[in-house]
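Listed below are the residues making up each chain.
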Amino acid sequence: MWCRRLAWLLKGSTRHRSLWLPRDRRTVPAAAARWHHTAPESLKCAWQLHGDHLELRYANTLMRFDFVWLRDHCRSASCYNAKTNQRSLDTASVDLAIKPKAVRVDETTLFLTWPDGHVTRYGLEWLVKNSYEGQKQQVMHPRILWNADIYRQAQVPSVDCRSFLETDEGLKEFLQNFLLYGIAFVENVTPTKEDTEILAERISLIRETIYGRMWYFTSDFSRGDTAYTKLALDRHTDTTYFQEPCGIQVFHCLKHEGTGGRTLLVDGFYAAEQVLRQAPDQFELLSKVPLKHEYVENVGDCHNHMIGVGPVLNVYPWNNELYLIRYNNYDRAVINTVPYDVVHRWYAAHRTLTTELRRPENELWVKLKPGKALFIDNWRVLHGREAFTGYRQLCGCYLTRDDVLNTARLLGLQA
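Residues numbered from 1 in each chain as written. Predicted model: local features only at pLDDT ≥ 70, side-chain atom pairs only at ≥ 80, totals over all residues. Heavy atoms only, no water.

1. With respect to the overall build of the chain
Now for step 1: Of regular secondary structure, the chain possesses 12 helices and 24 strands.
Now for step 2: Total accessible area computed for the chain in this model is approximately 20900 Å², and 51% of it derives from carbon and sulfur atoms. (Helix = DSSP H or I, 4+ residues; strand = E, 2+ residues; numbered from the N terminus. Areas by Shrake-Rupley, 256 points an atom, 1.4 Å probe, with all protein chains shown as cover.)

Quick look at the structure:
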């Protein structure tokens, strides 16, 4: 049944898409009530009541608010704890058929009086910011999409280790670069695992995984992974076989006595944007079809079997903003979650994305050297490497994404 429903959803017809439209894009019956305006009308604020919602026009935005939503989000002292920024109102106690007894709007505020006499007040600016219609127009995570030329021309500076560790200004500059481009560098780091760990802990908790907390990385075949060889690695994101892939990866080359081994970086969001422009139906397919990624390891004392499920492209449904790419051809499991009449179209869409990811102009090649640490947004930027000779040792770790974004927000950045 589920497979038949997935096939129907992904047929590409326009008929099914109306089911996914938000309420504001469906036909709204003409309201019996007339528009009410604030005084003076030059403020361009007007409102009217419908059977189950309030319609409000303000700041060039037409918003619709369900009555239950308006009661649930009340910020009065009895409904919301301003000290903890947590809701006190029991949402399950709100009558699903609730309607305001009275509505009033002045120059800055919406007032609603409920049947039990409780009064809710909302600032109009707050409503614009927090309405569904307002959020549709906002970007959750501002970014600069790049290919190799765009990144080089931007001349994004590395941040000195001392400034990064000891000043908020250095940390903020680093995080701003990281948020915008998905990669950032710290220079003059002492080339040891211990100093790299101190660096990582400046912005986040270190995420311990099946690879440990901080790891050394050499071509010693110590793990059941192609990365632990001297072979070239094609572009990919890490830990696609986790239910939640690791958010940030840290690389620091401690030693390399040989040739080759350059690191490849590709902005996956830039490539996905090209797919969206050229073939929006294929972009949609890649964002809807769930796949399994799998990691099976039986080497020495390491015995693991990890499975992660999700589409290649992950988007916020309200504004179609891409927030995660899960791309790893090494670890993609058997495709058994997709019906036969969809899978061929998925392969075509995957080929389109792969073609974009492999365009030479999208490849940024970097030679990692001792003292230069690289932070990669593993939800956005794919990495790989060329084959190498000699002894090459890296150390690194994964960071918890929530903590990195938390640090950025505390410094006043949008993240």
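2. Thoughts on the sheet that holds strand β14 (residues 233–236)
Now for step 1: Taken together, 4 strands build an open sheet; the order of strands is β14-β23-β16-β21 and the sheet is antiparallel. Pairing within the sheet leaves two strands with one partner each, and these edge strands are β14 and β21 (364–366). Sheet twist, expressed as the average angle between the axes of neighbouring strands with direction ignored, equals 20°.
Now for step 2: Of the strand pairs in this sheet, strand β16 (residues 263–267) and strand β23 (residues 381–385) are connected by 5 bridges, and their pairing is antiparallel. Of the residues in β23, the one forming a bridge with L264 is G384. (Pairing = 2+ DSSP bridges. Axes fitted to C-alpha atoms, helices over the stretch in contact; angles between N-to-C directions.)

3. Remarks on the nonpolar core
Generally speaking, soluble globular proteins have nonpolar side chains that are buried together.
Now for step 1: Formed by 28 residues in total, the largest nonpolar core has its most connected members in F174, L175, I203, F375 and L399.
Now for step 2: The biggest single contributor to this core is helix α7 (residues 168–181), with 5 residues. (Core = buried A, V, L, I, M, F, W, Y, C linked by side-chain atoms within 4.5 Å. Buried < 20%, exposed > 50% of the residue type's maximum accessible area, 1.4 Å probe, protein only.)

4. Structural notes on empty space enclosed by the protein
Now for step 1: For the structure shown, the criterion picks out 3 cavities of 30 Å³ or more.
Now for step 2: Estimated volume of the largest cavity: approximately 90 Å³.
Now for step 3: Taken together, H141, P142, R143, F178, L179, I248, D377, R401, L405, Q414 and A415 make up the full set of residues lining the largest cavity.
Now for step 4: At the level of secondary structure, the elements contributing two or more residues to the lining of the largest cavity comprise α7 and α12 (401–410).
Now for step 5: Grouping the amino acids of the lining of the largest cavity by side-chain chemistry returns 6 nonpolar, 2 polar and 3 charged. (1 Å grid on protein atoms, 1.4 Å probe; cavity = no way out; pocket = protein on both sides within 12 Å on 5 of 7 lines; lining within 4 Å. Points joined across faces, edges and corners; volume = space filled by probe spheres on them. Nonpolar A, V, L, I, M, F, W, Y, C, P; charged D, E, K, R; others polar.)

5. Points about the pairing of strand β8 (residues 109–113)
Residues in a regular strand project their side chains so that they alternate between the two faces of the sheet.
Now for step 1: Among the 5 residues of β8, 4 are classified as buried, and the element is accordingly described as predominantly covered.
Now for step 2: Pairing of strand β7 (residues 102–105) with β8 involves 4 bridges; the strand directions are antiparallel. Note that in β8 the partner of V105 across the bridge is L110.
Now for step 3: Bridging between β8 and strand β9 (residues 119–123) involves 5 bridges; their strand directions are antiparallel. For L112, the partnering residue across the bridge sits in β9 and is T120.
Now for step 4: In textbook terms, the turn of a hairpin is the stretch between consecutive antiparallel strands, and for β8 and β9 this stretch comprises 5 residues, one of which, G117, has a positive phi near 95°.

6. Thoughts on the pattern of salt bridges
Now for step 1: The tally for this structure, following the rule as stated, stands at 18 salt bridges.
Now for step 2: Ionic pairing is found between E363 and R235, a salt bridge with its closest N-O pair at 2.7 Å. Taken together, the positions of E363 in the loop between α11 (340–357) and β21 and R235 in strand β14 put the pair 128 residues apart, joining distant regions of the chain.
Now for step 3: Classification of E363 by relative accessible area gives buried; the value is 13%.
Now for step 4: Taken together, the salt bridges that share partners define one network made up of D234, R235, R358 and E363. (Salt bridge = Lys/Arg side-chain N within 4 Å of Asp/Glu carboxyl O.)

7. Focus: the packing of aromatic side chains
Now for step 1: Taken as a whole and assessed by the stated rule, the structure comprises 19 aromatic pairs.
Now for step 2: With 6.4 Å between their ring centres and 15° between their planes, F174 and F178 make a pair best called stacked. Of this pair, F174 and F178 both sit in helix α7, separated by 4 residues, roughly a single helical turn. Accessibility assignment for this pair places F174 and F178 in one class, buried.
Now for step 3: Among the aromatic residues, ring-to-ring pairing joins F65, W69, Y122 and W126 into one connected group.
Now for step 4: Between the NZ or CZ atom of R104 and the centre of the ring of F111, over which it lies, the distance is 4.1 Å. (Phe/Tyr/Trp six-rings, centres within 6.5 Å; stacked < 30°, edge-to-face > 60°. Lys NZ or Arg CZ within 6 Å of the ring centre and 35° of its normal.)

8. A look at the confidence of the model for the chain
Detailed reading of the predicted coordinates is not advisable wherever pLDDT falls low.
Now for step 1: Across the chain, the average pLDDT comes to 89, with 88% of residues at or above 70.
Now for step 2: Confidence drops under a pLDDT of 50 for residues 1–32, and excluding neighbours within four residues, the segment shows 42 contacts in the predicted structure. (pLDDT = per-residue confidence, 0-100. Contact = heavy atoms within 4.5 Å.)

9. A few points about the environment of R87
Now for step 1: Structurally, R87 is set in strand β6 (residues 86–87).
Now for step 2: R87 sits 10 residues away from A77 along the chain, and the two C-alpha atoms are 9.8 Å apart.
Now for step 3: For R87, the residues in contact, after removing those within four places along its chain, are D72, H73, C79 and Y80.
Now for step 4: In terms of polar contacts, R87 uses its side chain to reach the backbone carbonyl oxygen of D72, at 3.2 Å. (Polar contact = N/O pair within 3.5 Å; in protein donor to acceptor, adjacent residues only side chain to side chain.)

10. A few points about the sheet that holds strand β3 (residues 53–58)
Now for step 1: A sheet is described by the order of its strands in space; here 4 strands give the open sequence β1-β2-β3-β4, paired in antiparallel fashion. Looking at the sheet topology across the chains shown, the edges are occupied by β1 (36–37) and β4 (61–66).
Now for step 2: Here β3 runs beside β4; their pairing, made up of 6 bridges, is antiparallel. Bridging from a neighbouring strand, Y58 pairs with T61 of β4.

11. Comments concerning the pairing of strand β24 (residues 391–399)
Now for step 1: For β24, the tally of buried residues reaches 8 of 9 residues, placing the bulk of the element in the interior.
Now for step 2: Note that strand β12 (residues 206–207) and β24 share 2 bridges and pair antiparallel. Pairing of R207 across the sheet is with Y398, part of β24.
Now for step 3: Note that strand β13 (residues 215–217) and β24 share 3 bridges and pair antiparallel. In the sheet register, W215 faces β24, and the bridge partner there is G396.
Now for step 4: Both strand β15 (residues 248–257) and β24 contribute to a ladder of 9 bridges, which runs antiparallel. Across the sheet, the residue bridging to F251 is G396, located in β24.

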